[in-house]
Amino acid sequence: MSHDVLVAGETLIDWIPEQSGPLEDVASFERRPGGAPANVAVALARLERPPLFWTRVGADPFGRYLERILENTGLPIRFVERDPGAKTTLAFVTHDETGERAFTFYRDGTADTRLEPGRIDDETLADCEWVHAGGVTLSSGPSRAATLDLLERAAAAGCTVSFDPNLRPELWPNLETFASVVGDALAHVDVCLATAAELEALGFDGGSSTEHARAAIEGGPVHTVFVTRGDKGAVAVADDGAPWAANAVAHPGFDVETVDTTGAGDAFVAGAITALRNGRALADAVAFANAVAATATTGRGAMAAVPTREAVRPLLEDRSD
């Protein structure tokens, strides 16, 4: 089987509370596999075919659990590394009364901070058309250098490189460091998928989502920016350097019975990558990505609720009527 997409980054355990409120008041949690890149990789496998996935988990029960989950979803485990000297990252999620999430990470020296440069060989990159990574592995440890190395080498190999800043302030000493390090990553990126708040944190200002996207594109090398807006849909802007037509498009999203929004942004990323790799126009890519994200919110769990292409089709057909 051909694996012409490579996703890189963290796989971790999300502990989801069974009640809203501050962490000290939560009595019980539900264990779920998580990590934005892991969610993207699983979603790509459901939508089209399994990508290669480079990650690192601990040699502990949580790591073994995550390995089993990834393998059961059809992902190849060639680049799923087990670290004998580190634990698997844990993330405790809390919700306030409005549904806003906050994260408490147990990630000091854990396995996903210990990715090492050069683990993805040149031959593998030469066979890849697309490489995707996120901002969490840039936040600390050897994984920062490893992620930057991968993005630089992927760009040099002619891969389309996409990136999700995935700002988690709890993991960064300050926003200045976040902007500086992610700025280094963007020097090798073609497609950026972010929220307006993340783009603002990176210094890309604007009065609207479209203006934020244009600001991020100015000066390159990023040629396409998707700005996600939750239940309000998304916008996308591409300039003349994009292999798809230059355009600025907006999509309002889809009205669905939402059960759980965890991982919806990662489902959007996978939908956008899938559509663009299949030669879809930018407007179609935004619509498809929104449909994937919306359908993912109708079930529980970032990985468990990721839809197949067939499950997404009814939303797109309804909107086209």
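Up top is the structure.
First, a word on what this report is: a plain description of the structure on this page. Since the model is a prediction, treat every value here as computed from it, not as a measurement.

## As for the overall build of the protein
- Tallying secondary structure elements over the protein gives ten helices and 13 strands in all.
- For 321 residues, the compact-globule formula gives about 20 Å, and the C-alpha radius of gyration of the protein, at 18 Å, lands near that figure.
- With the principal axes as the frame, the protein shows a C-alpha extent of 45 × 45 × 40 Å.
- Every one of the 321 residues in the protein was classed for burial, and the buried ones make up 56%.

## Brief notes about helix 2 (residues 61-72)
- In this model, helix 2 (twelve residues) spans 16 Å end to end at C-alpha, consistent with the 16 Å of a helix rising 1.5 Å per residue.
- Taken residue by residue, helix 2 has Gly-63, Tyr-65, Leu-66, Glu-67 and Leu-70 as its buried positions.
- Tucked inside the fold, the buried residues of helix 2 contact strand 2 (12-17), strand 3 (29-34), helix 1 (36-47), strand 4 (52-58) and strand 5 (80-83).
- Just downstream of helix 2, Gly-74 is the residue with a positive phi angle, here 95 degrees.

## Details of the sheet that holds strand 8 (residues 130-134)
- The strand order across the open sheet built from nine strands is 5-4-1-8-9-10-11-12-13, with neighbouring strands paired in mixed fashion. On the outer flanks of this sheet lie strand 5 and strand 13 (247-251), each paired with one strand and no other. Mean inter-strand twist for the sheet, computed between neighbouring axes without regard to direction, equals 15 degrees.
- In the packing of helix 7 (residues 209-217) onto the sheet, the strands contacted are strand 11 (224-228), strand 12 (234-238) and strand 13, and the crossing angle to strand 12 comes to about 35 degrees.

## Thoughts on the pairing of strand 4
- Burial of strand 4 is extensive: seven of the seven residues sit out of reach of the surface.
- Burial along strand 4 is two-sided: the residues Leu-52, Trp-54, Arg-56 and Gly-58 and Phe-53, Thr-55 and Val-57 are all buried.
- When strand 1 (residues 5-8) meets strand 4, the two strands line up parallel, connected through three bridges. Of the residues in strand 4, the one forming a bridge with Ala-8 is Trp-54.
- With four bridges connecting them, strand 4 and strand 5 associate as parallel partners. Looking across to strand 5, one finds that Thr-55 is bridged to Val-80.
- For the handedness criterion, the β-α-β arrangement of strand 4, helix 2 and strand 5 is classed as right-handed.

## Focus on unusual backbone geometry
- Within the chain, Asn-166 stands out as a residue other than glycine whose phi angle is a positive 45 degrees.
- By the secondary structure assignment, Asn-166 is in the loop between strand 9 (160-164) and helix 5 (175-186).

## A word on the packing of helix 4 (residues 142-156) against helix 5
- Closest axis-to-axis distance for the helix 4/helix 5 pair is 9 Å, and the angle between their directions is 30 degrees. Packed against helix 4, whose contacting residues are Arg-144, Leu-148 and Leu-151, the element helix 5 presents Thr-177, Val-181, Asp-184 and Ala-185 at the interface.
- Of the residues assigned to the contact of helix 4 with helix 5, the class counts are four nonpolar, one polar and two charged.

## Observations regarding the nonpolar core
- Ranked by size, the top nonpolar core spans 50 residues in total, and within it Leu-6, Trp-54, Leu-186 and Val-225 carry the most contacts.
- The residues contacting Leu-186, other than those within four sequence positions of it, are Phe-163, Cys-192, Leu-202, Phe-204, Pro-221 and Val-222.
- By size, the runner-up hydrophobic cluster in this structure holds 47 residues, among which are Leu-193, Ala-238, Ala-270 and Met-303.

## Notes on the packing of aromatic side chains
- Applying the stated criterion to the full structure yields eight aromatic pairs.
- An angle of 80 degrees between the planes, with centres 5.3 Å apart, marks the rings of Phe-29 and Phe-92 as edge-to-face. With Phe-29 in strand 3 and Phe-92 in strand 6 (residues 90-95), this residue pair connects regions lying 63 residues apart in the sequence.
- When the ring of Phe-92 is compared with that of Tyr-106, the centres are 5.6 Å apart and the planes differ by 75 degrees; the resulting orientation is edge-to-face.

## Notes on the environment of Arg-153
- Along the chain, the position of Arg-153 falls in helix 4.
- Those residues in contact with Arg-153 that sit more than four places away from it in its chain are Gly-118, Ile-120, Asp-121, Asp-122 and Leu-125.
- One polar contact links Arg-153 to Asp-122, side chain to side chain, over a distance of 2.7 Å.

How each quantity is defined
Residues numbered from 1 in each chain as written. Predicted model: local features only at pLDDT ≥ 70, side-chain atom pairs only at ≥ 80, totals over all residues. Heavy atoms only, no water. Helix = DSSP H or I, 4+ residues; strand = E, 2+ residues; numbered from the N terminus. Rg over C-alpha atoms; globule rule 2.2 N^0.38 Å. Buried < 20%, exposed > 50% of the residue type's maximum accessible area, 1.4 Å probe, protein only. Expected span 1.5 Å × (residues − 1). Contact = heavy atoms within 4.5 Å. Pairing = 2+ DSSP bridges. Axes fitted to C-alpha atoms, helices over the stretch in contact; angles between N-to-C directions. Right-handed = clockwise from strand over helix to strand, strands pointing away. Nonpolar A, V, L, I, M, F, W, Y, C, P; charged D, E, K, R; others polar. Core = buried A, V, L, I, M, F, W, Y, C linked by side-chain atoms within 4.5 Å. Phe/Tyr/Trp six-rings, centres within 6.5 Å; stacked < 30°, edge-to-face > 60°. Polar contact = N/O pair within 3.5 Å; in protein donor to acceptor, adjacent residues only side chain to side chain.

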